[in-house]
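# Structural characterization, general
Chain by chain, the residues:
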Amino acid sequence: MPTRTNNAAPGLVQCPVCQARHSPVKGELTDGVYAADCQNCGHFFKFRAQGPVRSTFSMTVNGQSYTVDNSYPGSTSLNEFLREKGISPGTKVMCIEGGCGVCVVSATIMDPVTSKPRTYTVNSCCVPLLQCDGWDITTIEGLGNTRDGINPIQQRLADYNGTQCGFCSPGQVMSMYSLLKTNAKPTMEEVEEIMDDVVCRCTGYRSILDAMKSFSADAGPDLPGGLIDIEDLERKMCKKTGNPCTGKCSSDQSKTMLHMVTAGSQWLKPTNKQELCTLLNQHKADNYRLLHGNTGFGVYKDIGDWNYSVLIDLRGVVDFNVIQQGGTTLNLGANLTITNLLEYFRTKVAASNDRLTSFYSNIALHLEKIGTTSIRNLGTWAGNLMLKHKHPEFISDIYVIFEAMKTLLVIVDSTGKEMNYDIADFLKLDMTGKVITMAIIPVVTDANINIRSFKSMPRHQNAQAYVAAGFNMEVDASKNYLVGGNPVLAYAGISKTFTRATLTENYLSGKQLGDPNVLKGALTTLSSELVTDTVTSLSPGSYRQNVAISFFYKFVLDICSQIVNPRYLSGCTDLVRPLSSGKQVYDTDPSEYPVSKPMIKQNAVIQTCGEAEFINDTPPQINEVYAALVISTVGNADIDVIDPSPALAIPGVLKFISAKDIPAGGVNNCYPASASAAPEELFCSGKVTFAGQPLGLIVAEDQITADSAAEMVKVTYKNVLPPILTIDDAIRNNSFFTPITGLSAGDADGAIAKSAHQLTGQVSCTEQYHYHLETQISICYPTEDGMNILAGAQWINAVQRAVGQVLNVPASSITVEVKRIGGAFGAKITRNCPVSTACALAAHILKRPVRLMVNIHTNMKSLGKRMPCFARYTVGFTDAGLLNGVKIDYYNDFGMTCNDIASVVRMPGWLDNAYYCANWKMTPYLCKTNKPPNTACRSPGSTAAIFIMETIMEHVAKSLNKDQLDVRKLNLYQQGQKTPSGMVLEYCGIRSMVTQLETSAQIASRKQQIAMYNAANRWKKRGISFMPLKFALNWKGSQYNTLININNGDGSIAIFHGGVNLGQGINIKVAQTCAYELGVPMDIISVKKNSTMTNCNSHTTAGSVTSELCCLSVIECCKMLKERMAPIKAKMVNPTWKDLVIKSYNEGVDITARYVTEPENVSQYARYNEYGVCCSEVELDVLTGEHQILRVDILYDAGKSLNPDIDIGQAEGGFVMGVGRFLTERVIYDSTTGENLTSNTWEYHPPMPKDIPIDFRVEFLKNSNNVKGVLGSKSVGEAPVPMSISAFLAVKHAIEEARKEISKDVYFTLYGPATVDTVQLNCLTDITNLTYGN
Ligand SMILES: Cc1cc2nc3c(=O)[nH]c(=O)nc-3n(C[C@H](O)[C@H](O)[C@H](O)COP(=O)(O)OP(=O)(O)OC[C@H]3O[C@@H](n4cnc5c(N)ncnc54)[C@H](O)[C@@H]3O)c2cc1C
Ligand code: FES
Ligand code: FES
């Protein structure tokens, strides 16, 4: 979280009387003369700025001009301006570090290369408002709206069902808009390339990509929509001309310097190098900072604008805009952005096929991997290098690329003196009072020069490298690959100080690389000098060393390709991702429409237009204040002292609230009390049990002040003990909660003992952060009789109860409401309670409205996640692999309390997955660790359970050396068999589904192709995995209270159901059901927000059941209404609905109905089962551990889907969330303090669009019906998550293929998540394997 502690050095303004130096206070600036009172003695004095200056500027937003003056501090971001002024509530905010993309807007600014205006996406959270001098900004509101007409992009994203919760949707639209503004006929590849700005946790991206690709020149008929006229893009009208805005009025290249003197700092925007040098001279002793894109503060908060008293914006310095290729050098001005560089290199590649510039395409590919499109649009290469200069541990891609190109930097000092430095010298140079002006890159004239750079990443887009490398080597192939000149082996990511492998460079010089011993010697030398540290990266040093060596080996294979065994040439290349595509197959039943009709959500369009109001978009009320949680930084200690005074000293901070402030009679327990729930302290009363534990709350006049002040509260601890952080630690320390019973069927021990084969094994998977884009939020409004709360909660009844008990007021005096949530995935079932109770306490004490929007870092640190799980198993089976007995001890890591236990209680219902066995013993262990209370996360319990069972099946098959699919098929359930919990499977079609997918996905022929591929390639391996799924779905305890009101004037219908709209499509399904039951058109039905007033005591929206149960309650309400109206209808002849309603009402019929579901409890495990089959194929780069999912086929039994559009979206989104859980997302804790080290968008990696399957096919089983469901449907929200285990296992199979090459293909445990580093280490590649293969 950016912290606005104003460290601005005193000294900008010196009072001529008392000599006190202080930051200039707010005052008038006319023609560069600033007038103010001295803060010390009150003397009125004037301060003259250098040269002619401007003190205000104008910018346009959606065609409306705004004048910005010095009333905004330099730290105000464009995002704050847009949101707080109410200009663009559709522009969202989440991470404030450039990492999530929900804040992106379009900016038409000067392109330094062409000197013409050009439209770019930019992260409005990173752009300082004062930088927007002359900018022309377009936000989602400028594109279109539901009143005046919507933009084709907004329409198409909705039509393609590209929205679920909708929080990311405006950002997705803005990314595409910016592309179309510059390129009206993009190719599908170009579209896919730029859709890397915005994280979407809900959809799995396929639908978003399809929607955007439909605008491409090469889109096929399967992506309808077509190209659009550029005119249709523009809805915002110019206020001057009344015509569509062209964005050409403004210019951010003024000829006059801008000089703004604000309350905390000065903002200067020189227009040329001379002015800049003068300013450097004037301010070099001050606390100044240069900036261009300002994206650097997304990485390092210490360069946040608020830390400086002088900010010098380099955007106006036209001298830095050069790009010129002369005879011997390519000169790149310091103001060129990474996008400028990327485009330059791409253009050069397209223009020539020259050997001498062939490395440009590799450089362009590397540049594409830096950040996101919007970061590259503003971020400069010079700013990137300066981050490396200031923070040597920064894994800079630009650094390695520029080193590889033997770049010289031109640096000018405050006197105007220019000097050239090589990069090594630059890194050591004192840059005070200096600025980088240009890079000079020697043009390659010798065909023997080889240049290449590399990057390995935790996911395919928007991620810092694990390791980046850049190499330059002159090699004469005719002399057995003689290495000449001065080779360069540059690295980032090894250690804070390691930049060049100089020992290896020296070793190589003058040697013949064609000699295998030279290669061996180089690898040995390199391996000895690559000493990794733990400061630079959170990934294991052993991986970083391996991959650094692999990069060099790849480089050498490429150079020496003529003498390399062709199988080994697969080591030269990086993974190549072709254009992705998706296919969705389902049937519908028009006779039942609108039920079963594929339809987009009613509010899809308002989501894509940015009109869908999320809680934080609610305009502030009079007197509203903002809160931020103060959290602990250690995980196992006693509090010594909490001293809020440094925070309270910050202007705008109102109060610190702690456990002591809970009113008399109230309890310090934010968990809704029940017989089975242990109390969870709202604020720590003394004993800290996890790092991130809330200790109190700061309340301030604005959010950023509250967040900054919360970090200033000084807390000291005593009796600090090592935290228990893993299941292993918990087992070692015997740290468990009271056991619960598991499940036994038959005699597992006996059956195992008698089996021909027995094996034991273990497996585990760590936690997953929900990554809901709307972080936890609550706004509390004290009322005359209690409190109204807007809570981003899946279970508002729990919030109501928890607030009542903390404040010691009747729960009925608390009204909790929620209209929609920006993603939840289980995180907001009980975990909103700590947030809403804290907020309510503050509102109660201050008697003012209080808003608590938890920043991402606190959200990730203080709130529980998906539970890590570990299992030990013993299995007995026959020669053929038929299971006789299975024993599983499974351990779940609950963190500090075990209240959210329901899914673990139900794990035995999933542990068998789709396999029959007569004898089971399943024993749960509930581990207590020093972590936040873990909670449900999409498919809780089930994902871990099925992962354990699928691991067992793999192990059995491997131990018998049999095909995994054959062993799985042998054990599949048959109709009529009994599950361990005693459920007889009356409707089990898993066997035929397996056969169907085996055929449709051409498993047999693909296995052959994979085998051929693996035989032909030493360093790339493919793996395929096929898994069945039985997913027990339980309705137990699911009370949902639904109210239907029919209006007596026009017959229109309002539904208030007990579920919460999380983006899962609950409202459209409920409306479809109502329309079907009452036989009315959809457009007379509206679905209202959920409130404890209308839907009191409703259960949580979770477990995949809420949509169907709310539909069930709608059916029951409709039955009542129809019954009541039937006698009236009988007296009428073919009445219209409206007439029937009016007549019924006039005759005294109650046209309001209410129903609460209380489904019968068939079993605590399952009411019915969902079935699925999934096949995943992956490709692995053995040398780097990077992998990509080539193809996924899912066959899923959705029963009679109520709405296939919605359900396909759920299936795809669930699968991709599972891909994150098993392949890319990892939480890392500080082993000493217990603090979450991955609590930001930089270190935590949910999938991006290029992480999804390249070929993604989802089919719903045809002619299916679920007699135990609602209208024949089955739920879809959760079951697809565990199907992603197939992708994990396919990676494992690819690793096995790599191990075969070194004769190490024995069974091994792959622990989840299989992140890139884990995978590479599991391939067991050794430097002795890195040969030419001859
Ligand atoms: C979400 C995100 C993802 C990213 N991903 C990657 C990645 O994958 N790989 C990677 O290498 N980087 C990555 N970055 C870093 C990014 O490339 C840099 O933030 C960017 O290049 C900095 O350029 P800027 O113009 O925004 O610099 P600013 O933020 O404006 O400035 C950064 C620093 O450079 C100084 N500075 C700027 N220009 C000059 C100059 N001409 N002379 C002297 N000092 C100067 C400033 O004073 C400041 O100290 C990422 C950043 C973000 C936010
Ligand atoms: S809020 Fe700007 S990128 Fe996340
Ligand atoms: S729809 Fe993209 S984050 Fe929810």
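Fair warning: this is a prediction, and the values are worked out from it, not measured in the lab. (Residues numbered from 1 in each chain as written. Chains lettered and ligands numbered in written order. Predicted model: local features only at pLDDT ≥ 70, side-chain atom pairs only at ≥ 80, totals over all residues. Heavy atoms only, no water.)

## Examining the overall build of the chain
Using the following cut-off: Comment: elements are numbered from the N terminus, with helices defined as DSSP H or I runs of at least four residues and strands as E runs of at least two. The quantity called the radius of gyration is restricted to C-alpha atoms. Its globule counterpart is 2.2 Å times the number of residues to the power 0.38. Burial status follows relative accessibility: with a 1.4 Å probe on protein chains alone, a residue under 20% of its type maximum counts as buried, one over 50% as exposed, and anything between as partly exposed. Contact criterion: two residues are considered in contact whenever any of their non-hydrogen atoms come within 4.5 Å of each other. Shrake-Rupley sampling with a 1.4 Å probe provides the accessible areas, and residues are treated as covered by the protein chains on show and by no other component. Positive charges come from Lys and Arg alone, negative charges from Asp and Glu alone, with His and the N- and C-terminal ends not counted. Taken as the charge centre is NZ of Lys, CZ of Arg, CG of Asp or CD of Glu, depending on the residue.
Check the secondary structure of the chain and you find 38 helices and 48 strands. Compactness check: the chain gives a C-alpha radius of gyration of 32 Å against a globular reference of 34 Å for 1334 residues, within 12% of the reference. Counting only C-alpha atoms, the chain reaches 90 × 80 × 70 Å along its principal axes. By the burial criterion, 66% of the 1334 residues in the chain qualify as buried. Partitioning the contacts of the chain with sequence separation of at least 6, the portion at a separation of at least 24 is 77%. Looking at the chain as shown, the accessible area adds up to about 44100 Å², and 51% of this sits on carbon and sulfur atoms. Across the chain, the 120 positively charged side chains and the 125 negatively charged ones have centroids separated by 1 Å.

## Brief notes about the packing of helix H10 (residues 359–368) against helix H13 (residues 397–404)
We count it as follows: Axis geometry follows a simple rule: fit a line to the C-alpha atoms, using only the stretch in contact for helices, then measure angles between N-to-C directions, giving values from 0 to 180 degrees. For classification purposes, angles smaller than 35 degrees are called roughly parallel, those larger than 145 roughly antiparallel, those between 65 and 115 roughly perpendicular, and all remaining angles oblique.
With their axes 10 Å apart at the nearest point, H10 and H13 run at an angle of 170° to one another. On the basis of their axis angle, the class for H10 and H13 is roughly antiparallel. For the pair formed by H10 and H13, the contact residues are Ile363, His366 and Leu367 on the first element and Asp397, Ile398, Val400 and Ile401 on the second.

## Brief notes about helix H23 (residues 796–807)
Put simply, the rule reads: Multiplying one less than the number of residues by 1.5 Å gives the expected span of a helix.
For H23, with twelve residues, the first-to-last C-alpha span of 16 Å sits near the 16 Å given by 1.5 Å per residue. The element H23 is largely enclosed, with a buried count of eleven among its twelve residues. Within H23, burial applies to Ile796, Asn797, Ala798, Val799, Gln800, Ala802, Val803, Gly804, Gln805, Val806 and Leu807. The inward-facing, buried residues of H23 abut strand S34 (786–791), strand S35 (814–818), helix H24 (833–846) and strand S44 (1090–1091). Two residues or fewer past H23, Asn808 is found with a positive phi of approximately 60°.

## A look at the sheet that holds strand S22 (residues 467–476)
Basically, it comes down to this: Strands are labelled as partners when DSSP assigns at least two bridges between them.
With respect to topology, three strands assemble into an open sheet ordered S21-S22-S23, the strand pairing being antiparallel. The sheet terminates laterally at strand S21 (449–456) and strand S23 (482–492), the two strands that pair on one side only. Here the strands of the sheet are splayed against their neighbours by 10° on average, with no regard to which way each runs. Where S22 lies against S23, eight bridges are found, and the strand directions are antiparallel. Residue pairing in the sheet places Glu474 in a bridge with Gly484 of S23.

## Re the UniProt feature "binding site: [2Fe-2S] cluster 1" (unreviewed entry) in the chain
Going by this rule: UniProt positions are given in the numbering used here, feature names are shortened, and annotations may be inferred rather than shown by experiment.
Listed under "binding site: [2Fe-2S] cluster 1" (unreviewed entry) in the UniProt record, and renumbered for this structure, are Cys95, Cys100, Cys103 and Cys125. For the annotated residues, spread through 31 residues, the largest C-alpha to C-alpha distance comes to 10.3 Å, consistent with a single compact locus. Its location among the elements puts Cys95 in the loop between helix H1 (78–84) and strand S9 (104–111). What makes Cys95 buried here is its relative accessible area of 1%. Dropping the residues within four chain positions of it, Cys95 is found in contact with Cys100, Ile856 and Thr1241. On the secondary structure map, Cys125 appears in the loop between strand S10 (116–123) and strand S11 (136–138).

## Brief notes about the environment of Asp1305
Selection criterion: Pairs of N or O atoms are called polar contacts if they sit within 3.5 Å, as long as, within protein, a hydrogen donor faces a hydrogen acceptor (for residues adjacent in sequence, only side-chain-to-side-chain pairs).
Tracing the sequence through the fold places Asp1305 in the loop between helix H37 (1285–1300) and helix H38 (1316–1322). Residue Asp1305 is classed as partly exposed on the basis of its relative accessible area of 23%. Those residues in contact with Asp1305, other than ones at most four positions away along the chain, are Lys958, Glu1296, Arg1299 and Lys1300. A polar atom in the side chain of Asp1305 sits 2.8 Å from the side chain of Lys958.

## Comments concerning empty space enclosed by the protein
Where empty space is left becomes clear once a probe the size of a water molecule has been rolled over the atoms. Cut-off, in case you're wondering: Whether a set of points on the 1 Å grid over the protein atoms alone is a cavity depends on a 1.4 Å probe fitting there but being unable to get out, while an open set qualifies as a pocket with protein on both sides within 12 Å along at least five of seven lines; lining residues are those with an atom within 4 Å of a point. Grid points are joined across faces, edges and corners, and a volume is the space filled by probe spheres set on the points. Polarity classes work like this: nonpolar for Ala, Val, Leu, Ile, Met, Phe, Trp, Tyr, Cys and Pro, charged for Asp, Glu, Lys and Arg, and polar for all others, with Gly in that last group.
A full pass over the atoms with the stated rule returns 17 cavities of 30 Å³ or more. Considered as a void within the structure, the largest cavity measures approximately 210 Å³ in volume. Pro458, Tyr466, Arg1226, Glu1243 and His1245 are the residues nearest the centre of the largest cavity, which is lined by 17 residues in total. When its residues are assigned to classes, the lining of the largest cavity shows seven nonpolar, eight polar and two charged.

## Let's talk about the UniProt feature "binding site: Mo-molybdopterin" (unreviewed entry) in the chain
UniProt's entry tags Gln794, Phe825, Arg938 and Gly1103 with the feature "binding site: Mo-molybdopterin" (unreviewed entry), counted in the numbering of this structure. The annotated residues occupy 310 residues of the chain but converge on a single region, no pair of C-alpha atoms lying more than 12.6 Å apart. Examined against the element boundaries, Phe825 turns out to sit in the loop between S35 and H24. Apart from the residues lying within four places of it in its own chain, the contact partners of Phe825 are Arg201, Cys202, His770, Tyr771, His772, Gln794, Ala936, Cys937, Arg938 and Met1217. Along the chain, Arg938 turns up in the loop between strand S39 (919–927) and helix H28 (942–959). In contact with Arg938, other than residues within four places in its own chain, are Cys202, Phe825, Arg866, Thr943, Gln1210, Gly1213, Gly1214, Met1217, Gly1277, Glu1278 and Val1281. Among the polar contacts made by the side chain of Arg938, one reaches the main-chain carbonyl oxygen of Gln1210 at a distance of 3.2 Å.

## Concerning helix H35 (residues 1204–1224)
The terminal C-alpha atoms of H35, which comprises 21 residues, lie 29 Å apart, in line with the 30 Å expected from a rise of 1.5 Å per residue. Across the 21 residues that make up H35, a large majority, 21, are buried. The opening residue of H35 is Asn1203, an N-cap whose side-chain oxygen sits 3.1 Å from the backbone nitrogen of Asp1205.

## Some thoughts on the site of ligand 1
Quick note on the threshold: Whether a residue is near a molecule or strand depends on its heavy atoms: if one lies within 4 Å, it is near.
Surrounding ligand 1, one finds 38 residues, the nearest of these being Leu290, His292, Thr295, Gly296 and Asp397. The backbone of Ile436 places a nitrogen or oxygen atom 2.9 Å from a nitrogen atom of ligand 1. For ligand 1, an oxygen atom lies 3.4 Å from a polar atom in the backbone of Ala463. Where the shell around ligand 1 is concerned, the elements lending two or more residues are strand S14 (288–291), helix H11 (373–378), helix H12 (381–390) and strand S20 (434–442).

## Thoughts on the state of the cysteines
Let me state the cut-off plainly: The criterion for a disulfide is a pair of cysteine sulfur atoms lying within 2.5 Å.
All chains considered together, the criterion is met by zero disulfides. Cys126 carries a free sulfur, and the closest cysteine sulfur to it, the one in Cys125, is 4.0 Å from it. Here Cys1096 is not cross-linked by a disulfide; its sulfur's nearest cysteine counterpart is in Cys1117, at 13 Å.

## Focus: the nonpolar core
Where we set the bar: We call a set of buried Ala, Val, Leu, Ile, Met, Phe, Trp, Tyr and Cys residues a nonpolar core when their side-chain atoms join them within 4.5 Å.
Residues Tyr491, Leu513, Phe552, Ile948, Ile1044 and Ile1053 are the most contacted members of the largest nonpolar core, which totals 239 residues. Among the elements that make up this core, the one with the highest residue count is helix H17 (residues 541–559) (eleven residues). In this structure, Leu330, Ile338, Ile423 and Ala439 belong to the second largest nonpolar core, which totals 57 residues.

## Side note on the side chain of Asn1240
As for its placement among the helices and strands, Asn1240 is situated in the loop between H35 and strand S48 (1255–1260). We classify Asn1240 as buried; its relative accessible area is 16%. Within the structure, the side chain of Asn1240 is placed 2.6 Å from the backbone nitrogen of Glu1243, a separation counted as a polar contact. Those residues in contact with Asn1240 that sit more than four places away from it in its chain are Glu97, His857 and Met860.

## Here's the deal with the packing of aromatic side chains
For any pair of aromatic rings, the description rests on two quantities: the centre-to-centre distance and the angle between the ring planes. Keep this limit in mind: Any Phe, Tyr or Trp ring, taking Trp's six-membered ring, that has another such ring centre within 6.5 Å forms a pair; planes under 30 degrees apart are called stacked, those over 60 apart edge-to-face, and the others tilted. Working rule: Lys NZ or Arg CZ, within 6 Å of ring centre, within 35 degrees of ring normal, means a charge sits over the ring.
Going through the model one piece at a time under the given rule, you end up with 33 aromatic pairs. With a centroid separation of 5.8 Å and an interplanar angle of 85°, the aromatic rings of Tyr66 and Phe81 are classed as edge-to-face. Placement of the pair is Tyr66 in strand S8 (residues 64–68) and Phe81 in helix H1, with a sequence separation of 15 residues. Feature note: the residues Phe454, Phe471, Tyr491, Phe498, Phe551, Phe552 and Phe555 constitute an aromatic cluster, connected by ring pairs. Positioned above the aromatic ring of Trp1019, the side-chain terminus of Arg1018 is 3.9 Å from the ring centre. Positioned above the aromatic ring of Tyr1013 is the side chain of Arg1022, whose terminal nitrogen or guanidinium carbon lies 3.8 Å from the ring centre.

## Examining the sheet that holds S35
Strand order in the open sheet formed by eight strands is S27-S29-S25-S36-S33-S34-S35-S44, with mixed pairing between adjacent strands. Two strands in the sheet have a free side with no partner beyond their single neighbour: strand S27 (653–658) and S44. Of the strand pairs in this sheet, strand S33 (residues 777–783) and strand S36 (residues 850–853) are connected by four bridges, and their pairing is antiparallel. Following the sheet pairing, Ser778 is matched in S36 by Leu852. Relative to S35, H23 is tilted by about 150°, and along the sheet it contacts S34, S35 and S44. Sheet strands in contact with H24 are strand S25 (625–631), S27, strand S29 (694–700), S33, S34 and S36, and its direction is about 30° off that of S33.

## Examining the confidence of the model for the chain
Spelled out, the test is: The score called pLDDT rates the predictor's confidence residue by residue, from a low of 0 to a high of 100.
Summary statistics for the chain give a mean pLDDT of 93 and a share of 95% for residues scoring 70 or more. Across residues 1–12, confidence stays below pLDDT 50; counting only partners more than four residues off in sequence or on other chains, it has 54 contacts. Contacts of residues 22–26 to residues separated by more than four positions or lying in other chains number 28 contacts, the stretch itself having pLDDT below 50.

## Considerations on the environment of Val102
Tracing the sequence through the fold places Val102 in the loop between H1 and S9. Using a relative accessible area of 1% as the deciding quantity, one classes Val102 as buried. Note: C-alpha distance between Val102 and Phe167 (65 residues apart in sequence) is 7.3 Å. Not counting residues up to four positions away in its chain, the partners in contact with Val102 are Thr91, Lys92, Val93, Met94, Phe167, Cys168, Val198 and Leu773.

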